[in-house]
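Take a look at the letters that make up each chain.
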Amino acid sequence: MVIAGAGPAGALLSIYLARQGHDVTVYESRQDLRRHDVDAGRSINLALATRGIIPLIDVGVIDRVDAITIPMRGRLVHALDDPEPVLQPYGRQAHEVIHSVSRSDLNAILLDAAVATGRVTIEFSREIERVNFDDSTVRFANGDAASFSTIFGADGAGSKVREAMVAEGACDAHTEWLDHSYKELTLSATETGDHRLDPNALHIWPRGEFMLIALANPEGDFTMTLFAPTTTFESLSSEGDIDAFFESEFADLAKLGSDAAQQFSDNPTGRLGTLRAEGWHLDDRAVLVGDSAHAIVPFHGQGMNAAMESVRCLDRHMTQTPSDLAEAFANYAEERKPDGDAIADMALDNYIEMRSGVVDPDYLAKRTLALELEARHPAHISPRYNMVMFSTMPYGEAQSRASEQAEIIARSIADPALDIDSLVAALPPLPPVDPLTDRQALSSS
Ligand SMILES: Cc1cc2nc3c(=O)[nH]c(=O)nc-3n(C[C@H](O)[C@H](O)[C@H](O)COP(=O)(O)OP(=O)(O)OC[C@H]3O[C@@H](n4cnc5c(N)ncnc54)[C@H](O)[C@@H]3O)c2cc1C
């Protein structure tokens, strides 16, 4: 069995396949990130939540991951007109915490665990240029070739496996590009190696049409990401424009000693898009998993979490029908595709919530009411953010529950005489939690 890509999805999948008893070869276009700096000297982090944590517990690497994460208990909102940032906690329960983790350190842990199975061979600097289903071979950029019986496309949003499946007529895919882009910046540690802001929160500077966020790294620095209309990036072409932009929008950062304005010119600008792919497998010869099947915009902090949850779902189906891979892949795609669509839409919605909702009195009133209702009816209602981040209920269910809840809350705000408690108590009970959720609270939280 061959896996294309040793990112979070490919590395995790190789562990699951080894556990099923398969011998696996993983081809990764980049160098081994355990030995080479693949992030151009920058520390890039992301938010790890329940759907990613559960598979990490499942494959036995959670203790190593735990040692490198920083818990974030809520959003710390830096409003433009308020000098004091305000904390909006994510929830009341101990496990309702997200975790900042270095993307490459997490990936390294998964690569180590894959190799430790004794069944996984990872070949780095092996860029797949073409997948050929006529003779079941992959051709590499250097002209070499290798054969496969089944190939797993874990090669990200620009997947070559998917490209070949499209050519076979098994998959139909297009990317909806957003007219907003992003740029990663660093807020360095103090001279004594400390964080310049509270490390245990996800910082947001909401500015209506755009926003800056910051997640702490264990080394004392923060990875910040500016999300803005692409036209804003294009308009900031001179040093003077960039300085003026940061001074007027993020004056508190300059006070902290940030040189973000200088980094702005040096660091690349990335595009953001949603991949809509129909047809995730080609009989028993190929299947897509992770970003290659459902790349989404990053505003819910779920792309990698969803990728890892998809891997676990694929493993479950392969384990259920081990002698019929085509059936397993079809069942996986049937179960998971609607969830991929749901999280793609919720991630787009969450951009508006983060860049403007978090300082909008109407949004805040609804969020406060949702949390109060959750305290009164914990078996029947949970805010959408919490269902997405802190549960394993299918994304599609979280989306439909959230819209029903939003309607009840909007009606109650419009008509305070409404008996909202009866309406909430009549909602179907929340599904049982994954048994692994009980063990999920990382010790650092
Ligand atoms: C700005 C930003 C912030 C994000 N923040 C979060 C967050 O907070 N939380 C979260 O859960 N997700 C986040 N994400 C999303 C997350 O990064 C992705 O969803 C996740 O990396 C997907 O994992 P993957 O393994 O499917 O794909 P990838 O991470 O893209 O891995 C694919 C691998 O395949 C390799 N590869 C590609 N092409 C080839 C080829 N032709 N031959 C061989 N190898 C190949 C690549 O080198 C790579 O190693 C964010 C994304 C962005 C852009």
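For the structure, check the block above.
These figures come from a predicted structure and were not determined experimentally.

Quick notes on the rules
- Residues numbered from 1 in each chain as written.
- Predicted model: local features only at pLDDT ≥ 70, side-chain atom pairs only at ≥ 80, totals over all residues.
- Helix = DSSP H or I, 4+ residues; strand = E, 2+ residues; numbered from the N terminus.
- Rg over C-alpha atoms; globule rule 2.2 N^0.38 Å.
- Buried ≥ 20, exposed ≤ 12 C-beta atoms within 10 Å, placed from the backbone.
- Contact = placed C-beta atoms within 7 Å.
- Near = placed C-beta within 6 Å.
- Nonpolar A, V, L, I, M, F, W, Y, C, P; charged D, E, K, R; others polar.
- Pairing = 2+ DSSP bridges.
- Axes fitted to C-alpha atoms, helices over the stretch in contact; angles between N-to-C directions.
- Core = buried A, V, L, I, M, F, W, Y, C linked by C-beta atoms within 7 Å.

Caption draft 1: Region of the structure containing the overall build of the chain. Of the regular secondary structure elements, the chain holds 16 helices and 19 strands. In summary, the chain has a C-alpha radius of gyration of 22 Å against a globular reference of 22 Å for 445 residues, a match within 12%. Each principal axis of the C-alpha distribution contributes one length, and for the chain these read about 65 × 55 × 40 Å. When burial is assessed residue by residue, the chain has 44% of its 445 residues classed as buried. Across the chain, the fraction of contacts at a sequence separation of at least 24, relative to all contacts at a separation of at least 6, is 72%.

Caption draft 2: Layout of the site of the ligand. Taken together, 31 residues surround the ligand, and among them Gly5, Gly7, Gly156, Gly290 and Gly303 come closest. Broken down by secondary-structure element, the contributors of at least two residues to the shell around the ligand are α1 (8–20), β3 (45–48) and α11 (303–320). At four residues, α11 tops the list of elements feeding residues into the shell around the ligand. Here the shell around the ligand is composed, by residue class, of 13 nonpolar, twelve polar and six charged.

Caption draft 3: Examining the environment of Phe124 more closely. Here Phe124 lies in the loop between β8 (120–123) and β9 (128–132). The partly exposed category is assigned to Phe124, around which 17 C-beta atoms lie within 10 Å. Residues Phe124 and Val26, 98 residues apart in the sequence, show an inter-C-alpha distance of 8.3 Å. In this view, Phe124 contacts Glu28, Arg30, Gln31 and Asp32; residues no more than four positions away in its chain are not counted.

Caption draft 4: Representation of the sheet that holds strand β16 (residues 222–229). One open sheet accounts for seven strands, arranged β6-β5-β14-β15-β16-β13-β17; its pairing is mixed. Each edge of the open sheet carries a strand with a single partner, namely β6 (86–89) and β17 (269–278). Neighbouring strand axes in the sheet, compared pairwise and without regard to direction, differ in orientation by 30° on average. Where strand β5 (residues 74–77) lies against β6, four bridges are found, and the strand directions are antiparallel. Bridging across to β6, Leu76 finds its partner in Leu87. This element, helix α12 (residues 325–355), spans β14 (202–206), β15 (211–216) and β17 of the sheet and lies at about 70° to β14.

Caption draft 5: Representation of helix α5 (residues 160–167) within the structure. Regarding α5, the residues found buried are Lys160, Val161, Arg162, Ala164 and Met165. Taken from the residues just after α5, Gly169 is the one with a positive phi, measuring 80°.

Caption draft 6: View of the pairing of β5. Across three bridges, the pairing between β5 and β14 is parallel. Within β14, the position partnered with Arg75 by the bridge is Leu202.

Caption draft 7: Inspection of the sheet that holds strand β7 (residues 98–102) at higher detail. With antiparallel pairing, the three strands of this open sheet are ordered in space as β3-β7-β4. Whereas interior strands pair on both sides, the edge strands pair on one side only; in this sheet they are β3 and β4 (70–72). Ignoring which end each strand starts from, the neighbouring axes of this sheet average 35° apart. Across three bridges, the pairing between β4 and β7 is antiparallel. Its bridge partner being in β7, Pro71 is matched across the sheet by His99.

Caption draft 8: Focus on the environment of Pro322. Looking at the element boundaries, Pro322 is found in the loop between α11 and α12. Overall, Pro322 belongs to the exposed group, with 12 C-beta atoms counted inside 10 Å. Residues Pro322 and Ser400 lie 78 residues apart in sequence; the distance between their C-alpha atoms is 33 Å.

Caption draft 9: Representation of the nonpolar core within the structure. One finds Leu12, Leu13, Leu110 and Val289 to be the most contacted residues of the largest nonpolar core, which totals 117 residues. Here this core gets eleven residues from one element, more than from any other, and that element is α12. With residues near it in sequence (within four places) discarded, Leu12 still touches Pro55, Val59, Leu110, Met308 and Val311.

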